[in-house]
Amino acid sequence: MTHGVDTDAVHNQGGLVQTRCHNLQGGVTMQRRRLTGERLVATFLCGCVLLNYPLLALFDRSAALFGIPLIYVYVFAAWGGLIAVMAWFIERRSD
């Protein structure tokens, strides 16, 4: 056992030795990384939907919010929201 990782040698059917690494916290770190990756992919897909035609057409009006065209407000709000969600997923601490 070195640096918080327990390694076991495992013999497979061909006689080769493989090494399994077990995190002392029950493999939570690797599972968390996978979950974070899946969440980032889902966020990317949501961004593709938010910043494409059907939703952009809803906000392409001559209306303005505080003098700024509504389409610009929507695009920058959606973009900022996606960045905030990605930062939250990446920087979350495990409990």
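Here the structure is shown first, and the text comes after it.
Just so it is clear, the structure is predicted and the values come from calculations on it, not from any experiment. (Residues numbered from 1 in each chain as written. Predicted model: local features only at pLDDT ≥ 70, side-chain atom pairs only at ≥ 80, totals over all residues. Heavy atoms only, no water.)

1. Points about the side chain of threonine 43
Piece 1. Structurally, threonine 43 is set in helix H1 (residues 28–50).
Piece 2. Excluding anything up to four places from it in sequence, threonine 43 contacts Leu82, Val85, Met86 and Phe89. (Helix = DSSP H or I, 4+ residues; strand = E, 2+ residues; numbered from the N terminus. Contact = heavy atoms within 4.5 Å.)

2. Regarding helix H3 (residues 70–91)
Piece 1. Under the 1.5 Å per step criterion, the end-to-end length of H3 is 31 Å for 22 residues, consistent within 8% with the ideal 32 Å.
Piece 2. Taken as a whole, H3 has its buried residues at Ile71, Tyr74, Ala78, Leu82 and Phe89. Looking straight down H3, one finds its buried side chains confined to an arc of 65°; they lie on one side. In H3, those exposed residues whose orientation departs by more than 90 degrees from the buried face are Phe76, Ala77, Trp88 and Glu91.
Piece 3. Looking at the buried residues of H3, the elements they touch are H1, helix H2 (53–59) and strand E4 (68–69). (Expected span 1.5 Å × (residues − 1). Buried < 20%, exposed > 50% of the residue type's maximum accessible area, 1.4 Å probe, protein only. Arc of directions from axis to C-beta.)

3. A look at a nonpolar patch on the surface
Piece 1. Taken together, the side chains of Ile68, Tyr72, Phe76, Trp79, Ile83, Met86 and Ile90 make up a nonpolar region of the molecular surface, amounting to roughly 720 Å² of accessible area.
Piece 2. Counting residues per element, the nonpolar patch draws most heavily on H3, which supplies six residues.
Piece 3. With respect to the helices and strands, the residue isoleucine 83 is situated in helix H3.
Piece 4. A relative accessible area of 42% places isoleucine 83 in the partly exposed class. (Patch = residues over 30% accessible without salt bridge, like charges linked within 9 Å, V, L, I, M, F, W, Y side chains within 5 Å. Areas by Shrake-Rupley, 256 points an atom, 1.4 Å probe, with all protein chains shown as cover. Salt bridge = Lys/Arg side-chain N within 4 Å of Asp/Glu carboxyl O.)

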